[in-house]
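For reference, the chains in residue letters:
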Amino acid sequence: MGALSLARAALVCAALGLLIPPWYGPDSGFTTWPAGEAAPLVLLLARGEAWWLWPLPLILLACAPALLGRRAEGRMLVACGAAAIAWVFLQGWAIGLPGTVWSIAAPFVGADATQPALGWGATALLTGAAGLLAAGLAARGRFGGDAFVAFLVTGSAALLILFVFAPLLTILSAAAIEDGKIAPGALVGRFAAPEAWSLACVTGSLGCGVVWNTLALATLTGVLSTLLGLAFALLAARAKLHLGGAFRALAILPLITPPFVVSLSLIVLFGRTGMVTEALSALLGIPRSRWIYGLPGVLLAQLLAFTPIAYLLLEGAVRQIAPSLEEAASTMGARRFTVFRTVTWPLLRPGLAAAFLLGFVESLSDFGNPLVLGGDFDVLATRIFFAIAGARHDPGRAAALALLLLGLTLGAFALQTAWLGRRRYVTVTGKGDAGVPTPLPRGLAIACGAVAFPWMAFTAIVYAIIMLGAFVHDIGRGDMTFTWRHYVTAFEVEWFQGLVFRGAAWDSLFTTIEVAAISAPLTAGLGILLAWLLARQSFPGRRTLEFMAMLSFAIPGTVVGVSYIMAFNVPPLELTGTGLILVICFVFRNLPVGVRGGIAALAQIDRSLDEASATMGGGAVATLRRVILPLLRPAIIAALAYSFVHAMTAVSAVIFLVSARHNLATVYIVGRVEAGEIALAIAYSSVLILIMLAVVLGIDKLVGRAQIGRRAPAGAMQPAPVPVTA
Amino acid sequence: MTSRRVFAAALFAGALAALVPGSARAQGQLTVYCSVQEEWCRPMMAAFERATGIRVAMTRKSSGETLTQIRAEATNPRGDVWWGGTGDPHMQAAEENLTVEYRSPRLSELHDWAVRQAQQANFRTVGIYAGALGYSYNVPELQRRRIEAPRCWADLTKPEFRGEVQVADPNTSGTAYTLLATIVQLMGEEPAFTYLKALHRNVNQYTRSGAAPARAAATGETLVGITFLHDAVTQKVNGAPVELVGPCEGTGYEIGSMSIIRGARNLDNAKRFVDWALSPEAQAIGAEAKAYQLPSNRNAPIPPQAPRFEAIKLIDYDFARWGSAAERNRLLARWDREVRAAAR
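Just so it is clear, the structure is predicted and the values come from calculations on it, not from any experiment. Note that residues are indexed from 1 along each chain, following the sequence as it is written. Chains carry letters from A onward and ligands carry numbers from 1 onward, assigned in written order. Local features are withheld for residues below a pLDDT of 70 in this predicted model, meaning they are given only at 70 or higher, and side-chain atom pairs are given and counted only at 80 or more; totals for whole chains, interfaces and linings count all residues. The side-chain values count all of the structure's non-hydrogen atoms but skip hydrogen atoms and water molecules.

Throughout, disulfides are identified as pairs of cysteine sulfur atoms within 2.5 Å of each other. One pass over the structure, following the stated rule, counts two disulfides over all chains. Here C34(B) pairs with C41(B) through a disulfide, and the sulfurs are 2.0 Å apart. Across the S-S bond of C34(B) and C41(B) the torsion is about -90 degrees, and the bridge reads as left-handed. The side chain of C152(B) participates in a disulfide bridge whose partner is C248(B); the two sulfur atoms lie 1.8 Å from each other. The S-S bond linking C152(B) to C248(B) shows a torsion near 120 degrees; that makes this disulfide right-handed. Linking C152(B) in the loop between helix 6 (139–145) and strand 6 (165–168) with C248(B) in the loop between strand 9 (242–245) and strand 10 (253–261), this pair joins segments that are 96 residues apart in sequence. Only protein chains enter the accessibility calculation, which uses a 1.4 Å probe; a residue is then buried when its area is under 20% of its type maximum, exposed when over 50%, and partly exposed in between. Residue C248(B) is classed as partly exposed on the basis of its relative accessible area, which comes to 31%. Counting its disulfide-bonded cysteines in sequence order, chain B shows a connectivity of 1-2, 3-4. In this structure C63(A) is not part of a disulfide, and its nearest cysteine sulfur, from C80(A), lies 3.9 Å away. Here C63(A) falls in the buried class, since its relative accessible area comes to 0%. Helix and strand assignments come from DSSP, with helices taken as H or I runs of at least 4 residues and strands as E runs of at least 2, each series counted from the N terminus.

The following block contains the structure:
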């Protein structure tokens, strides 16, 4: 696409934004359009309102004449686009809903000028302005002179800045503000607070600071889930057992389970009046205790949830070790266990590191399990939630705790990079490798089996409890009479002048499916486009763009949620309370997966195909549409499935973002659990699990193999399948 | 193919538009923040819709969370009415000027306690039900341990209840704050904190939600759960082996309240809702939803299972003083410092 045609299209888009859709986003929506508060900008200006917006049409008029000619003036287009974007945001921040926010603007507009948040008109104008900016850059020879690439880079960079970077900055500033003033002392005080760092549990019977709690839990979860996952991976890849189906079911189930459902089942089993506890007490006289509430319970729940992901990751790593190395070792006389210890184990290190890191990071951001099973054991994720939602509302404290959590996560990533960065683990080379994998040493195989099979049985029991609990009166109290009651409460349908969805769960279920169905294609589309930009185009700032695209992988969901309500609660960008914010949240949360999947798939498609298309005269658009996208179909479908499932199971970020009209299934279920209605929660969860199972199996049929969690085949180093928390 | 794509695109765009605020907002809307349990919220809203034809959008959140939300939205309110939930946050909202004064014509039909509370709040909130604080214990567990049945607040600090009492955290729950304020009013502040420290040794867990201890006592996860008595009644009606105790020293109570949010976009409908919610018919819905509070309208039927106020010794609870933000923060800070941080 040429710079001139992009510039013309962008100008048309911006002009339409001025002329047709409502400029502001009033709550009345389009009902009064085109008059009243839903008027487009031209009408507003004609009525003499919002006169501080006059520069926008003038800027567009300034660059119009040049575009009607045959030349695109790069410098001028860049200036026009940048000026329009800057003006929209500056005036938006300067003049807010309660009145003039920036006192600097007061002499010009008066102290009580007000305006609501930006609407669709402003969105169209901003899109057009970004197009002008990109066309200008392309006309000046940037991005290889390709206007399409320029537009994609500008657009995605703008989106990432807006929805990933800006919220982070907001939270940073919120941590430093007390009583509306910037107070560095408060920042230091919040970071160093004893609630975070206290070491009282070492010296006495008191609880420790949340940071230590969080670190201890995350480390234990990381280590144990890696070891369990390794046992499964070795059995699956190296022992002659035909258990592929069972292993895969085990691996997929937790991916499609809302994260805290496992905790409910654990309470039913191991609570003080749980089934196992009662049995042990009756048979062996073991006193019944409340051990499950606290670190042990949360750890157990997290292991159930995250071990399968470690397994998927490590299975890939085990299979990727070239057997010829092990064969060479055994040919030279090494015994089987020596081979394992000196060859296999060292080569597994990157996989082990990745699995540990994943368990660690997932545990850090897990919110549901500590909420249900934590007891007095607080972690950062729950502490942040109650700093926002508790009786003592303190956003500054929440922001500081969120930054501590972010620091822990980024620290873990940095450590991993530092540890692995200096070594080489490549064993799959261009040369063919026809070796046969050595079987496991007998002792090791027995040890793996002794760990893996009881664990599998345990997982099966936990899920059986979930399924059973939905059909009995009150599994928590041991009332096991069969009933449909919970399903009726949740999913009742009535015929009253048409179909009426009376059940308590319908609203949230419909919203969840709608939001998931909308965000999945957006995530996949944006992710694949970004992957293509990053893998196949070279432009200045490529590394920065990649960093920004992958950043949200490292941000715990709780932090995202807090930062979104802080950043998007007031004009000019007011999104809280809408369904749109849920979609946006999911798109940018799940984006790294689409990007990684796309990059990995692109790595398998030879560049000569692109070059052939270019030689035949195909531009970037044609190459992408005709050559790359059809070849990327599996990656696209995997990204779709992943983001759909993840959007249905996420809790930690969206619990801050749901509203009256747009409630989500998981948040609804958390509310039921809080109220002690465990049976209803379990019934609803089982329906969610079935829906997601249908989606995953449908996609499995479509492409022959479920790609969930297998998005990083290029190497175990990549941030791997992101599981179900968030 | 092309037309199918166009259709799919249109469908997608339509679905996207449906998520945007109020793109299809009809006349006759009302947004209600509901702070009682889901089972009560839903039939209330459905009954109001049926009675008036006004469409209700309802969110259920705890009263603490709702207050937070109303505060955050103060410059741009999205809710119209805040219905239900313990009175303190409503008083706090009134104090912070987040809610508006409204004198319903039905005020004259209400019990004295409800009228008194409305006066204390300058008519920015009005009581819809009341419930007394107390505790419930699990009978089989008690018998198994051969412990004498507790009757008073003082019994709960006995050594045999070590690790057997559950109560919510007053930082997150209005119920637990009511306990804190009740004990302080009952005993005086210094003895109250001595008592709370002694109680702390027997508490096995401070839950986040106020009603959770009732559920824990019902399943036997704990022996004693301190909650509002109506929460325990709900468990008992469901068949749980619990006994309810209205402590002998006397106890505090909550007045579940209702407020109209300042800047409500549907103010007229909000007033209609308030008038309707104070009517005997609307207040009878609670019992059907297994909520056994005492309704505030004198003519509303009292559910037979509801703990009668006559049978319980109630203190003269000063809602204005203990509901104020300053007192609340002071008490909570002291509780955090002296009780929560103490060794068990």
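Residues and elements named next belong to chain B. Throughout, the edges of the domains are those of an automatic or database domain assignment. Splitting chain B by domain gives domain 1 (27–130 + 255–306) and domain 2 (131–253 + 324–340). For domain 1 and domain 2, the distance between their C-alpha centres works out to 26 Å. Contact definition: two residues touch when any of their heavy atoms are within 4.5 Å. Opposite the 13 residues of domain 1 that make contact, domain 2 presents 13 residues. Each partner contributes to the roughly 1,200 Å² buried at the junction of domain 1 and domain 2, and carbon and sulfur atoms together form 54% of this total. Salt bridge, as used here, is a side-chain nitrogen of Lys or Arg placed within 4 Å of a carboxyl oxygen of Asp or Glu. Our count for the domain 1 to domain 2 interface comes out at one salt bridge. We note a salt bridge from D88 to R328, for which the minimum N-O separation is 3.9 Å. We call two N or O atoms a polar contact when they sit within 3.5 Å, provided that within protein one can donate a hydrogen and the other can accept it, with sequence-adjacent residues counted only if both atoms are side-chain atoms. On the surface where domain 1 and domain 2 come into contact, there are three residue pairs in polar contact (both at pLDDT 80 or more). A total of three residues in the side of domain 1 that touches domain 2 trace back to one element, the largest contributor, which is helix 4 (residues 87–95). As a working definition, buried area equals the accessible area (1.4 Å probe) given up by two parts on being put together, with both sides summed.

All names here are of chain B. Across the two faces of strand 6 the burial is the same, with V165 and V167 and Q166 and A168 all buried. Where strand 6 meets strand 7 (residues 203–207), four bridges bridge the pair, whose relative direction is parallel. In the sheet register, V165 faces strand 7, and the bridge partner there is V203. As paired elements, strand 6 and strand 8 (residues 224–228) share two bridges and run parallel to each other. Residue pairing in the sheet places V165 in a bridge with V224 of strand 8. Two strands are counted as paired when DSSP detects at least two bridges linking them.

Another aspect to go through is the domain arrangement of chain A. Residues and elements named next belong to chain A. In terms of domain boundaries, chain A breaks down into domain 1 (3–140), domain 2 (216–423 + 443–482) and domain 3 (486–703). Taken over C-alpha atoms, the centre of domain 1 sits 30 Å from the centre of domain 3. Each side of the interface is counted separately: domain 1 has eight residues, and domain 3 has four residues. The junction of domain 1 with domain 3 conceals about 540 Å² of combined surface from both sides, 76% of it contributed by carbon and sulfur atoms. Among the residues of domain 1 in contact with domain 3, F89, A117 and L118 are the three that bury the most area, contributing 50% of the side total. Our count for the contact surface shared by domain 1 and domain 3 stands at zero salt bridges. Put simply, domain 1 and domain 3 have zero residue pairs in polar contact (both at pLDDT 80 or more) between them. Polarity classes work like this: nonpolar for Ala, Val, Leu, Ile, Met, Phe, Trp, Tyr, Cys and Pro, charged for Asp, Glu, Lys and Arg, and polar for all others, with Gly in that last group. Looking at the side of domain 1 that touches domain 3 residue by residue, the class counts come to six nonpolar, two polar and no charged.

In terms of nonpolar packing, the biggest core is built from 244 residues, with W23(A), L266(A), W532(A), Y564(A) and F588(A) touching the most fellow members. Considering every element that reaches this core, the biggest residue donor is helix 15 (residues 295–320) of chain A, with 16 residues. What we call a nonpolar core is a set of buried Ala, Val, Leu, Ile, Met, Phe, Trp, Tyr and Cys residues that are connected through their side-chain atoms within 4.5 Å. By size, the runner-up hydrophobic cluster in this structure holds 86 residues, among which are V167(B), A282(B), I312(B) and I315(B).

Under the pairing criterion, centres of Phe, Tyr and Trp rings, with the six-membered ring standing for Trp, must be within 6.5 Å; the plane angle then separates stacked pairs below 30 degrees from edge-to-face pairs above 60, leaving the rest tilted. Across all of its chains, the model carries 36 aromatic pairs over all chains by this definition. Centroid distance F471(A) to Y487(A): 5.2 Å. Interplanar angle 35 degrees. Geometry classified as tilted. Of the two residues, F471(A) sits in the loop between helix 21 (442–469) and strand 3 (472–474) while Y487(A) sits in helix 22 (residues 485–491), which places them 16 residues apart along the sequence. Judged by its relative accessible area of 26%, F471(A) falls in the partly exposed class. Within the aromatic cluster, the residues linked to one another by ring pairs are F491(A), W506(A), F510(A), Y668(A) and Y684(A). We call a charge positioned over a ring when the NZ of a Lys or the CZ of an Arg lies within 6 Å of the ring centre and within 35 degrees of the ring normal. The side chain of R328(B) reaches across the aromatic face of Y177(B), ending 4.3 Å from its centre. When the ring centre of F193(B) is taken as origin, the NZ or CZ atom of R334(B), which lies over that ring, is 4.2 Å away.

Another point: helix 15 (residues 325–340) of chain B. All buried positions along helix 15 of chain B are accounted for by A325(B), E327(B), R328(B), L331(B), L332(B), R334(B), W335(B) and V339(B). Taken together, the buried residues of helix 15 of chain B touch helix 4, helix 7 (174–187), helix 8 (189–202), strand 7 and helix 14 (319–323) of chain B.

Right, let's get into the side chain of T523(A). Residues and elements named next belong to chain A. As for its placement among the helices and strands, T523 is situated in helix 23 (residues 506–536). What makes T523 buried here is its relative accessible area of 2%. Setting aside chain neighbours within four positions, we find T523 in contact with F586, V587, N590, L591 and S643.

Here we come to the confidence of the model for chain B. Residue and element names in this part refer to chain B. Each residue carries a pLDDT score, the predictor's confidence in it, ranging from 0 to 100. On average, chain B scores 85 in pLDDT, and the residues at 70 or more come to 92%. The lowest-confidence element of chain B is helix 1 (residues 2–18), averaging 53 in pLDDT; the highest-confidence one is strand 3 (residues 81–83), averaging 95. Counting interchain partners and residues more than four positions distant, the pLDDT-below-50 stretch residues 20–27 has 16 contacts.

All names here are of chain A. A cluster of nonpolar residues, V12, L16, L19, I20, W33, V42 and L43, forms a patch on the protein surface that exposes about 590 Å² of accessible area. Those elements that provide at least two residues to the nonpolar patch are helix 1 (3–19) and helix 2 (41–46). Structurally, the position occupied by W33 is in the loop between helix 1 and helix 2. Patch membership needs two things, relative accessible area over 30% and no salt bridge, and members are linked within 9 Å if like-charged or within 5 Å if nonpolar (Val, Leu, Ile, Met, Phe, Trp, Tyr). To be clear on the numbers: accessible area is Shrake-Rupley with a 1.4 Å probe, and residue cover counts the displayed protein chains and nothing else.

This next bit is on the pattern of salt bridges. Close approach of charged atoms lets side chains of opposite charge pair. Residue and element names in this part refer to chain B. One pass over the full model with this rule turns up 24 salt bridges over all chains. Between D155 and K158 there is a salt bridge, with the nearest N and O atoms lying 3.4 Å from each other. Look at D155 and you get buried, because its relative accessible area is 13%. The partner of E327 in a salt bridge is R321, with the nearest N and O atoms 3.8 Å apart. Three or more residues are tied together by salt bridges with common partners; here these are E189, E190, K197, R321, E327, R330, R334 and E338.

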